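These are the residues of each chain, in order.
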Amino acid sequence: MSIHLLSLHTNEEILHLLALQIASYRVEADLIGFEDIPPLKDGIQSIREAEETFYGYYVQEENERKLVGAISYSREGCVVTICRMMVHPHFFRRGIARALLEHILHKQENNGVQLFIVSTGTANLPATRLYQSFGFAVKRVFTVPPGVSLTTFERPGSHPVK
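Worth saying up front: this structure is predicted, and the values here are computed from it rather than measured.

Novice: Explain the pattern of salt bridges to me, using residue names and the numbers behind them.
Specialist: Inspection of the entire model under this criterion finds seven salt bridges. A salt bridge links Arg84 to Asp42, with the nearest nitrogen and oxygen atoms 2.5 Å apart. In this pair, Arg84 is assigned in strand E4 (residues 79-87) and Asp42 in the loop between helix H1 (11-32) and helix H2 (44-49), connecting sequence segments 42 residues apart. In this structure, Arg84 and Asp42 share a single accessibility class: buried. Close ionic contact of Glu109 with Arg155 constitutes a salt bridge, the shortest N to O distance being 3.1 Å. One end of the pair, Glu109, is in helix H3 (residues 96-109); the other, Arg155, is in strand E7 (residues 149-156), and 46 residues separate them in sequence. One network of salt bridges, with partners in common, ties together Arg26, Asp30 and Glu35.

Novice: Tell me about the state of the cysteines, and please be specific about residues and values.
Specialist: Under the counting rule described, the total for this entry stands at zero disulfides. You can see Cys78 has no disulfide; the closest cysteine sulfur is in Cys83, sitting 17 Å from it. A relative accessible area of 33% means that Cys78 is categorised as partly exposed.

Novice: Could you give an account of the sheet that holds strand E1 (residues 2-5), naming the residues involved and the relevant values?
Specialist: Pairing is mixed in the open sheet, where seven strands are placed in the order E1-E2-E3-E4-E5-E7-E6. Looking at strand neighbours, the two that pair on one side only are E1 and strand E6 (137-143), the edges of this open sheet. Looking at each pair of strands side by side, their axes are set apart by 25° on average, direction ignored. With four bridges joining them, E1 and strand E2 (residues 53-61) adopt antiparallel strand pairing. Paired with Ile3 across the two strands is Tyr57, which belongs to E2. Each of E2, strand E3 (64-76), E4 and strand E5 (115-121) touches H1; the most contacted strand, E4, lies at about 90° to it. Seen against the sheet, H3 touches E1, E2, E3, E4, E5 and E7 and runs at an angle of roughly 40° to E3.

Novice: Tell me about helix H4 (residues 125-133), and name the residues and values.
Specialist: Looking at H4, one finds that the buried residues are Ala127, Thr128, Leu130, Tyr131 and Ser133. Packed against the buried residues of H4 are E4, H3, E5 and E7. One or two residues past the end of H4 sits Gly135, with phi positive at roughly 90°.

Novice: Got a sec to walk through the environment of Val138? Specific residues and values, please.
Specialist: Among the structural elements, Val138 can be located in strand E6. Overall, the relative accessible area of 47% leaves Val138 in the partly exposed class. Residues Val138 and Thr152, 14 residues apart in the sequence, show an inter-C-alpha distance of 6.0 Å.

Novice: Provide a residue-level description of the nonpolar core, including the pertinent values.
Specialist: Among the nonpolar cores identified, the biggest contains 27 residues, and Ile71, Ile82, Met85, Leu101, Tyr131 and Phe136 are the most heavily contacted of them. When residues of this core are traced back to their parent elements, those giving at least two are E2, E3, E4, H3, E5 and H4. Among the elements that take part in this core, H3 stands out by supplying six residues, more than any other. Among all residues touching Leu101, those that are not within four sequence positions of it are Ile71, Ile82, Met85, Leu130, Tyr131, Phe134 and Phe136. One finds Leu8, Tyr25, Phe34 and Met86 within the second-largest nonpolar core, a separate group that totals 19 residues.

About the criteria used
- Residues numbered from 1 in each chain as written.
- Predicted model: local features only at pLDDT ≥ 70, side-chain atom pairs only at ≥ 80, totals over all residues.
- Heavy atoms only, no water.
- Salt bridge = Lys/Arg side-chain N within 4 Å of Asp/Glu carboxyl O.
- Helix = DSSP H or I, 4+ residues; strand = E, 2+ residues; numbered from the N terminus.
- Buried < 20%, exposed > 50% of the residue type's maximum accessible area, 1.4 Å probe, protein only.
- Disulfide = S-S within 2.5 Å.
- Pairing = 2+ DSSP bridges.
- Axes fitted to C-alpha atoms, helices over the stretch in contact; angles between N-to-C directions.
- Contact = heavy atoms within 4.5 Å.
- Core = buried A, V, L, I, M, F, W, Y, C linked by side-chain atoms within 4.5 Å.

What is shown is where atoms sit, not what they do.
Encoded structure:
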């Protein structure tokens, strides 16, 4: 296992990330009962133009380094917004999302971040439990299309990482 900054300079690198993103967000779409979530609409160009920093979680499988998880964030001043969290469904429940989140929280707290923000589908219980286990608290719940709600969580930067 290793976590690395993703350069995403080549179409091949972006396609690996997109394959992971689609596999992961299909599960969220099913959980929240909404097919029209933005990460399922991304393509090479929208990833290339994203003003986010991406980190990937790699495992070694049969002499091949494989991207099985990723997280992205944007930073404005002392505030970090977690934009994407994804784990390939074949690698669920192995601590990958936890490791990625811990990596970003620790790295950014050491760089003076005072507030972390993240949103997810309210019905995505694995994600909401993960964020709450790291001290994120519900800031607001809002409806996007009728019947689908999103929850925004916040966490101060001074909170100790578990």
